[in-house]
Every structure is written in C-alpha cells, then in structure tokens.
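# Structural overview
One-letter residues, chain by chain:
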Amino acid sequence: MKLSKFAKLGAVVALSAVFLAACGSKSGSGQASKQVLNWNESAELPSMDLSKATDVVSFNALNNTNEGLYRLGKDSKIEPGIATKTSVSKDGKTYTFTLRKNAKWSNGDKVIAKDFVYGWQRTVDPKTASQYAYLYSGIANADDIMNGKKSVSDLGIKAEGNYKLVVTLDKKLPYFKLLMGFPSFFPQSEKAVKEYGSKYGTASKYMVYNGPFQLTKWTGSNLSWTLKKNNNYWDKKNVKLSAINYTVTKSNSTAYNLYQSGKLDEAILGSEQAKQLSNSKELVVRKAASTFYLQYNQTKKEFQNKNIRKAISLVINRQQFVKKVLGDGSTVAKGYVSADLAKNNGKDFADQAYVKDAVANNTAEAKKLWQQGLKELGVSSLNFEILSDDTDKGKDTTEFLQSQIEENLSGAKVSVANVPFKTRLSRSESGNFDVVVTGWGADFADPISFLDLFTSDNSQNDGKWKNSEYDKLIEASKTTDTGNTDKRWADLVQAQKILLNDQGISPIYQQATSTLVKSKVKDVIYNSAGVNYNFKDAYIAN
C-alpha cells in the first residue's frame, strides 16, 4: 500500500510483529478509568472508501472501524472476524464461510453475506476504478470483469442465504486467508453506498462501520479525527478503549512537545530525537515491510532515458542518508521487495534478487552516464522537480536528494515540492510529477505484493515503466508456474532483477520508524506487512 513521509505460491515466513513497549498482560495490571488513547499520525486521512483507499493511513483507519471475514492479530495470525467457520474444498478452490448472526453495522443493520458480495463486486467493477482491484485476480472471473469481458455478477462469490458465503477461485491461492483480513475485501453496505452516493467515504458521517470503532470528527480534510467505540460491534465487550484521538503532526518537534506535555501517548521522532532518546524505555523502533524509492515519470522523454535514471540512482549515498539524515533505524534497501518478507528453501528473496549496481553509490560512473544521457537527449542541462510529502522526513529527503544530484551531476537543476500526503497521492496518480519519492508497503507476506505493481497495466504503476519480459514473468508466476514453488520463485527473482537492472525505479531505503510510546499503553498490535495497527485489544493501564 502507499505510504506517507513514507508470490502467489511459495514458502513464506511469518512476518515479525513489533509490539509496544511494556506490553504487560491484562491480568497483571489494572485498567485506568479513562480509556482514551491519543495517537500521533504523520499525514492526513485521504479516504474511507473501502474500494478506493490505497494508503497506509486510510487502511489503518478502515481496519479498526471495519471488519472482514477475518482479523489479523499478533504475527499476522488469522483471528475470527465475521466468519465463524471456514471449509475448503479438496482442490483448494472453493471456500465456504459461515457468518456470525450477531454482526451489525453502526446504523443497526445486520451484516449479511450479500454485503460481502456487493462490496467485492463494487471493487472489481471497472466503473469504480479501484486501484486495488488487481488483488482480486485469482478469484473466479475477476480478470475478465476488470477487463470488461464479463459482468460483475459473474464474480466467484455468492450468498447462500444471509449467513453463508461461497467463494470460488480460478486457482489455489495460498495467501487467500491473509487477503480476507485486508480492508479491500471487507463487506460494504449497499444501502449506505447508494444513500451517500459520491460522498461515500469522504467524511466520517458518510460511512457506516462494522468494526470495533467508528470514525467521528473527520470532515475529509481536517488534521484530527476520533475513533469512538462502536456499541453495535459484535465483540464490544472485549474492546477496552472508549476512544482513539488522532492528531496529525507533520513536525517531529511538535509531536515530541505534545508527547512531553501529556497530550499525545505516541510521538513519531525525527533522526536527532531518535539518537538523543536511544536509551529511553519508551522508545519503540517499528520495522516495516516497506520500501521507499524514486519513481520516474516515464511518459517524459528525459526519464525514458535509462542512463539518466541510472545516473540519478548512482549519485545517491544511501548509507549516508539512512545514518545521518534519517537516523531512525531505517536501512539501505537491497532492492524493491523488502528484506525478511519471504523465504524459499531458507533463502531470503531480497538476497536472491539483489542487484548491487541498482542501489550502489558510484559518483564517477554516475557522471559518465549523466553526460551520455544528456548527449542522447540532445541537451546540455536538465531541470526537473522531486515531489514528496510535507513532513519533516519528506523535506529532509528532498533536500538531501537535491544536493546530491546538483553537486555531482553537471547541468542538473533540481527543484523540490513538498506537499500534503493526499496531494502527493493525487499528483502521482494523475502523472503530475517528474520524479516522486514513493513508499510501498507489502499488503501480505509474499514478493508479488510488491512486484505486481510494475506490470504494464497496473493502475498503481504511476511512473508507467514497461517491460514485456517483466510482464511475462509476473504472469507466469500467476498461471503456468503457480503450482511449482521453485519455478514461481525464480520467475519473481528474475522479474525484480529486470526492474532493477533497467532502473525502472531507484530503491532508497527500507523503512523503520522511531517512536515514543507511553508505558501505560498496552496490547496495541503492530504488524510489518498488511495493515499495521490493530487496536481492538488495546487498553490504558493504571
């Protein structure tokens, strides 16, 4: 998913989850009388439309205000959601879910099987233009529906009465259950979607919720909102928090001051703060299955030039950047797919698909390639803009990149644009950029969650990089090779090498975030892949 600042078969390791400091057991410490959590967010909330959300801020909000067939708990383990029972056919292609009868929407309506049917059909419908519809590939007829060849009613999902849901796949998907815990597969109320029309999901009042909390006080553009306990939630007795107040603070120093004054229970730190507070008992470093990289607008002639792209990548001193600029525990990216995401035969994907030159710093070579690229373009200089977020980290990033490029590449004139997260997403999606600092986090623990993004027809391939061999390898991993673990793995390894050798993107770093969290905050679950936060069991201790 898209980040702020910031293989369909195969042996996949469970992603590690990072838990908040001093998470004692609920039986070992009493709960405070006031169960209100005050949380820091680094970017505004773009959307609450389950079919249209694409980013980490939106998905965290959706994950805690809504619920699918399953929830993802500690270590990305499947936990009961709306489904109370699941049966799978011998060939692994048919799933039958029995739904709980006491699940309700926040307006009091029952959550029933047809809500899943409607939500899924709405997401794959080309008219919705969902950027996450591609995740449905593998569900019967999904590809044909997305390509306009079949009706949404042909999707492999049907309701058998109110409390039985049957899903049919084109092929076995071993990560299918993980997808069922991802917001793009949650149910949607047809009644609400039709009632609110184009306003659906654009403000807290234009939405209904079936999860532990419901969103309030969000106008669609403000920098604060609240998740209030949902009294219609089926498991409300186990939800301890009465509210989670979110405050967007794009300045790390502001966040720290609010934390120190007791107005925030969590604060995202800048690099200098993280260094100074390295021995604090309240310091929590969250490592993520996410990679930040430069994406080039390859509809523009200058960025269709491979030598220009390579020169820009080679001039970046990534080690200096992560150590001296970020200083938050982030590491130099080995490639596009994050390290420790997935393994096959004991070998990490990031190591096997590593292309040294793609993430190296070689200024002398960069200068040669730059001059060669300018000559090929028939120009002596190049002016372009780097787009990023308006957070402290975003500003530090663009400033560093600007200085690295201008100081080492003769004729390069770089301007920077640091804009609100929502604006950066909009500009990226519309192609209104030259070079953009983009972040992508794995939606589930498989390399395909990253690599699918750069197929020629993926709607989230904002830079429009294209390579026919890459497309063929990704397609083979999903079709002819899907039943052969080693062959599928080799397809994906080779695909990443093609992407990196061509410098289709320039990976910079794998993200980690240093935060302070009050020791009274207990049982917040953080997972490095998929949706990060699950607050269902969280509470405030005495």
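Cut-offs and rules
- Residues numbered from 1 in each chain as written.
- Predicted model: local features only at pLDDT ≥ 70, side-chain atom pairs only at ≥ 80, totals over all residues.
- Heavy atoms only, no water.
- Helix = DSSP H or I, 4+ residues; strand = E, 2+ residues; numbered from the N terminus.
- Rg over C-alpha atoms; globule rule 2.2 N^0.38 Å.
- Buried < 20%, exposed > 50% of the residue type's maximum accessible area, 1.4 Å probe, protein only.
- Areas by Shrake-Rupley, 256 points an atom, 1.4 Å probe, with all protein chains shown as cover.
- Lys, Arg positive; Asp, Glu negative; His and termini not counted.
- Charge placed at Lys NZ, Arg CZ, Asp CG, Glu CD.
- Patch = residues over 30% accessible without salt bridge, like charges linked within 9 Å, V, L, I, M, F, W, Y side chains within 5 Å.
- Salt bridge = Lys/Arg side-chain N within 4 Å of Asp/Glu carboxyl O.
- Pairing = 2+ DSSP bridges.
- 1 Å grid on protein atoms, 1.4 Å probe; cavity = no way out; pocket = protein on both sides within 12 Å on 5 of 7 lines; lining within 4 Å.
- Points joined across faces, edges and corners; volume = space filled by probe spheres on them.
- Nonpolar A, V, L, I, M, F, W, Y, C, P; charged D, E, K, R; others polar.
- Core = buried A, V, L, I, M, F, W, Y, C linked by side-chain atoms within 4.5 Å.
- Contact = heavy atoms within 4.5 Å.
- Phe/Tyr/Trp six-rings, centres within 6.5 Å; stacked < 30°, edge-to-face > 60°.
- Polar contact = N/O pair within 3.5 Å; in protein donor to acceptor, adjacent residues only side chain to side chain.
- Axes fitted to C-alpha atoms, helices over the stretch in contact; angles between N-to-C directions.

The next point concerns the overall build of the protein chain. From N to C terminus, the protein chain includes 17 helices and 23 strands. The C-alpha atoms of the protein chain give 23 Å as radius of gyration, which agrees with the globular expectation for 542 residues (24 Å, within 12%). Counting only C-alpha atoms, the protein chain reaches 70 × 60 × 45 Å along its principal axes. Burial analysis of the protein chain (542 residues in total) assigns 61% to the buried set. Counting only carbon and sulfur atoms, one obtains 46% of the accessible surface of the protein chain, whose full area is about 20400 Å². Here the protein chain contributes 74 positive and 55 negative side-chain charges, whose respective centroids are spaced 5 Å apart.

Another aspect to go through is a positive patch on the surface. A contiguous patch of positive charge on the surface is contributed by Lys101, Lys104, Lys110 and Lys236. The topology assignment puts Lys101 in the loop between strand E5 (94-99) and helix H2 (113-124). The class for Lys101 is exposed, based on a relative accessible area of 62%.

Moving on, we get to the pattern of salt bridges. Across all of its chains, the model carries 24 salt bridges by this definition. Between Asp49 and Arg122 there is a salt bridge; the shortest N-O distance is 2.8 Å. Of the two residues, Asp49 is situated in the loop between strand E1 (36-41) and helix H1 (56-65) and Arg122 in helix H2; the sequence distance between them amounts to 73 residues. As a salt-bridge pair, Asp502 and Arg309 come within 3.1 Å of each other at their nearest N and O atoms. Of this pair, Asp502 sits in the loop between helix H17 (485-501) and strand E19 (505-517) while Arg309 sits in helix H9 (residues 306-314), and the two are 193 residues apart along the sequence. Each member of the pair, Asp502 as well as Arg309, carries the same accessibility label: buried. Salt bridges linked by common partners bring Glu44, Lys250 and Asp390 together as one network.

Before going further, it helps to spend a moment on unusual backbone geometry. Positioned with a positive phi, Asn141 is a non-glycine residue whose angle comes to about 70°. Structurally, Asn141 can be placed in the loop between H2 and helix H3 (142-146).

Looking now at the pairing of strand E9 (residues 224-229). The pairing of strand E8 (residues 213-216) with E9 spans 4 bridges and is antiparallel. The residue bridging Phe213 from the neighbouring strand is Lys229, located in E9. With 5 bridges connecting them, E9 and strand E10 (residues 243-248) associate as antiparallel partners. Its bridge partner lying in E10, Leu227 is registered against Ile244.

To continue, consider the layout of surface pockets. The volume enclosed by the largest pocket comes to roughly 580 Å³. What lines the largest pocket is a set of 25 residues, among which Tyr134, Asp143, Met146, Asn147 and Asp457 lie closest to the centre. Among the elements that take part in the lining of the largest pocket, helix H16 (residues 468-478) stands out by supplying 4 residues, more than any other. When the residues that make up the lining of the largest pocket are grouped by side-chain class, the tally is 7 nonpolar, 10 polar and 8 charged.

If you look at the biggest cluster of nonpolar residues, it comprises 149 residues, and the most contacted ones within it are Phe97, Trp120, Tyr336, Trp370, Phe384 and Phe535. The dominant element in this core, judged by the number of residues it contributes, is strand E12 (residues 283-296), at 7 residues. Other than its neighbours up to four places away in sequence, Phe384 contacts Phe303, Ile312, Trp370, Ile405, Lys413, Val414, Ser415, Asp434 and Val435. In this structure, Ala255, Tyr259, Leu269 and Leu277 belong to the second largest nonpolar core, which totals 7 residues.

We now examine a negative patch on the surface. Together, Asp143, Asp170, Asp457 and Glu475 make up a negatively charged patch on the protein surface. By the element assignment, Asp457 lies in the loop between helix H15 (448-451) and H16.

Attention shifts here to the packing of aromatic side chains. In this description, an aromatic ring pair is defined by two values, namely the gap between the centres and the angle between the planes. Within this structure, the stated rule accounts for 30 aromatic pairs. Centroid distance Trp120 to Tyr136: 5.6 Å. Interplanar angle 80°. Geometry classified as edge-to-face. Of this pair, Trp120 sits in helix H2 while Tyr136 sits in the loop between H2 and H3; the two residues are 16 residues apart in sequence, bridging distant segments of the chain. Like Trp120, the residue Tyr136 is buried in the burial classification. On the basis of an interplanar angle of 15° and a centroid distance of 5.9 Å, the ring pair of Tyr132 and Tyr134 is categorised as stacked. As far as burial versus exposure is concerned, Tyr132 and Tyr134 are alike and both buried. Three or more aromatic residues joined by ring pairs make a cluster, and in this case those are Phe59, Tyr132, Tyr134, Phe182 and Trp440.

This part is about the side chain of Gln503. Relative to the assigned elements, Gln503 resides in the loop between H17 and E19. A distance of 2.9 Å separates polar atoms of two side chains, one belonging to Gln503 and the other to Ser506. Dropping the residues within four chain positions of it, Gln503 is found in contact with Tyr296, Arg309, Lys310, Ser313 and Ala358.

Taking burial as the measure, the 9 residues of H9 include 7 buried ones, the bulk of the element. When we look at burial in H9, the residues that qualify are Asn307, Ile308, Arg309, Ala311, Ile312, Ser313 and Leu314. The residue sitting at the N-terminus of H9 and contributing the capping side-chain oxygen is Asn305; that oxygen lies 3.0 Å from the backbone nitrogen of Asn307.

In terms of residue burial, E1 counts as a mostly covered element, since 5 of its 6 residues are buried. Sheet analysis places E1 next to E10, joined by 6 bridges and oriented parallel. Bridge assignment links Asn38 to a residue of E10, and that residue is Asn245.

The next subject is the sheet that holds strand E4 (residues 83-88). Sheets are built from strands paired through backbone hydrogen bonds, the pairs being either parallel or antiparallel. Read across the open sheet, the 4 strands follow the order E4-E5-E7-E6; overall the sheet is antiparallel. Both edges of this open sheet fall to E4 and strand E6 (157-159), since each of them pairs with a single strand only. The average angle at which neighbouring strand axes cross in this sheet is 20°, direction not considered. Both E4 and E5 contribute to a ladder of 5 bridges, which runs antiparallel. What sits directly across from Val88, in E5, is Tyr95. Docked against the sheet, H2 engages E5, E6 and strand E7 (164-168), running at close to 150° with respect to E6.

Distances and angles like these do not, on their own, reveal function.
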